Amino acid sequence: MTAPLVLALPGNEPWAAALAGAIGAELGAMRVRRFPDGERYVRLDTPVAGRSVVLACTLRDPDEHVLALCFAAAAARDLGAARIGLVAPYLAYMRQDARFRPGEAITSVTFGALLSSVFDWLATVDPHLHRHHALAEVYRVPATAVSAAPAIADWVRREQPDALLVGPDEESAQWATAVAAAAGLPWVVLTKSRHGDRDVEITAPELAVWRDCTPVVVDDIVSTAGTMAAVVARLRAAGLRAPVCVGVHAVFAPGAAEALVAAGAARVVTCDTIPHPTNAIGVLPLLAPAVSTWARIATPQDAG
Ligand code: R5P
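This structure is a prediction, so every number in the text was calculated from the model and none was measured.

Parameters and conventions
- Residues numbered from 1 in each chain as written.
- Predicted model: local features only at pLDDT ≥ 70, side-chain atom pairs only at ≥ 80, totals over all residues.
- Heavy atoms only, no water.
- Buried < 20%, exposed > 50% of the residue type's maximum accessible area, 1.4 Å probe, protein only.
- Helix = DSSP H or I, 4+ residues; strand = E, 2+ residues; numbered from the N terminus.
- Arc of directions from axis to C-beta.
- Contact = heavy atoms within 4.5 Å.
- Pairing = 2+ DSSP bridges.
- Right-handed = clockwise from strand over helix to strand, strands pointing away.
- Domains from an automatic or database assignment.
- Salt bridge = Lys/Arg side-chain N within 4 Å of Asp/Glu carboxyl O.
- Polar contact = N/O pair within 3.5 Å; in protein donor to acceptor, adjacent residues only side chain to side chain.
- Nonpolar A, V, L, I, M, F, W, Y, C, P; charged D, E, K, R; others polar.
- Near = heavy atom within 4 Å.
- 1 Å grid on protein atoms, 1.4 Å probe; cavity = no way out; pocket = protein on both sides within 12 Å on 5 of 7 lines; lining within 4 Å.
- Sits in = over half its atoms within 2 Å of the grid points.
- Axes fitted to C-alpha atoms, helices over the stretch in contact; angles between N-to-C directions.
- Parallel < 35°, antiparallel > 145°, perpendicular 65-115°, else oblique.
- Left-handed = near helix turned anticlockwise from the far one by under 90°.

(A) Representation of helix H3 (residues 107–116). Within H3, the full set of buried residues consists of Ser 108, Phe 111, Gly 112, Leu 115 and Ser 116. Along H3, the residues classed as buried sweep out an arc of 130° about the axis, all on the same side. On its buried side, H3 packs onto helix H2 (62–78) and strand E6 (83–88).

Written as structure tokens, this is what we have:
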């Protein structure tokens, strides 16, 4: 079988090149630009006929990227690609997973249906699974979710061996407990009430017993950083050391990382699922094997 072909959407070139190298794929070329009126132009420069094509696009700021991504996948299909997969280290629109108020759109489901209509498979890192328990509930195509927990645990073991892992809320417990178990460290999970996009309230059990540890707060997504900042304030009020904040996905609304440091975080680090100056934990070694498997699954063309 010909080697898979990796194509990077704009802004994803460095990690797409590293991914291609890690899975023994060819790195192809494509271009995306806007016409003067703002509509999208997409062109695949590397021939895709008969190839297993892997589109690389992390989905921070999804509205900016998803149409070009769909156009590229559709073009690859038209041009005879044998198989088309999406590697999105950050998968957007997973948090609106229910209708919390009358009339709301459940965007996780619609976004899943859209991507499932143009891709044959999907690989991502720690999608926000809470009310949906598996990607299969929203994606009709095979979808692999790789956990960043082993990479975060390695980092914590190395950089903060006196850590107490802290999950801000029930939703984050899956990351805090997995990292704690892998690193052999203690953990606590706090309770969050969200009153608005930037307004969260954190309550905690008795924390004084952990004063000799450094709190390492772990959450999947840091967006406004309102959650992390409230946790930092709560831990500091309990007399604990300045916390280290670890996010899987550095979504970060403008100024959020800086606000977190201003709130009293000793350090803010993230996994490299979204390029950001806080990236310190690499997930490619965890993601590459899944991508390699999906990209090499035999197609009818191979058999023929
Ligand atoms: C909750 O659903 C997620 O796990 C995160 O806690 C949340 O997205 C963080 O958002 P923000 O940084 O805006 O508080």
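(B) Structural context of the pairing of strand E14 (residues 244–249). Counting buried positions along E14 gives six out of six residues, so the element sits mostly inside the fold. Relative to E14, strand E13 (residues 214–221) runs parallel, the two being bridged by five bridges. Looking at E14, one finds that Ile 221 is bridged to His 249. What joins E13 to E14 is helix H6 (residues 226–237), and the crossover it makes is right-handed. Crossover handedness for the path E14 to helix H7 (residues 256–262) to strand E15 (residues 267–271): right-handed.

(C) Up close: the domain arrangement of the protein chain. Here the protein chain is partitioned into domain 1 (5–147 + 283–303) and domain 2 (149–281). At the boundary of domain 1 and domain 2, one finds zero salt bridges. Counting every contact that joins domain 1 to domain 2 gives 11 residue pairs in polar contact (both at pLDDT 80 or more). Across the side of domain 1 that touches domain 2, the residue classes tally to seven nonpolar, four polar and four charged.

(D) View of the site of the ligand. As a structural note, the neighbourhood of the ligand is formed by 14 residues, with Asp 219, Asp 220, Ser 223, Thr 224 and Thr 227 the closest of them. A distance of 2.6 Å separates an oxygen atom of the ligand from a polar side-chain atom of Asp 219. Judged by its atoms lying within 2 Å of the grid points, the ligand is housed in the largest pocket. Taken together, the elements giving at least two residues each to the shell around the ligand come down to strand E11 (191–196), E13 and H6. The leading source of residues in the shell around the ligand is E13, at three residues. Split into classes, the residues belonging to the shell around the ligand amount to three nonpolar, five polar and six charged.

(E) Fine view of the pairing of strand E5 (residues 52–56). Of all five residues making up E5, five are buried, and the element is well covered by its neighbours. Pairing between strand E1 (residues 5–8) and E5: four bridges, direction parallel. Its bridge partner being in E5, Leu 5 is matched across the sheet by Val 53. Looking at chain direction, E5 and E6 are connected through five bridges and run parallel. When the sheet's bridge partners are listed, Ser 52 is paired in E6 with Arg 83.

(F) Examining the sheet that holds E6 more closely. One open sheet holds the six strands; their spatial order is E2-E1-E5-E6-E7-E8, and the pairing between them is parallel. Every other strand in the sheet has two partners, leaving strand E2 (26–27) and strand E8 (143–146) as the edge strands with one partner each. By the bridge criterion, four bridges tie strand E7 (residues 121–125) to E8 in an arrangement that is parallel. Looking at the pairing, Ala 123 lines up with Thr 144 of E8. Set on the sheet, helix H8 (residues 284–295) makes contact with E5, E6, E7 and E8; between it and E7 the angle comes to about 175°.

(G) Broad picture of the packing of helix H4 (residues 149–159) against helix H5 (residues 173–183). Interaxial distance between H4 and H5 falls to 8 Å at its minimum, and their mutual angle equals 55°. Judged by the inter-axis angle, H4 sits oblique to H5. Our pair here, H4 against H5, has a crossing hand that is right-handed. Counted together, Ala 149, Ile 152, Ala 153, Val 156 and Arg 157 of H4 and Ala 178, Val 179, Ala 182 and Ala 183 of H5 form the full contact between these two elements. The residue makeup of the contact of H4 with H5, split by class, is eight nonpolar, no polar and one charged.

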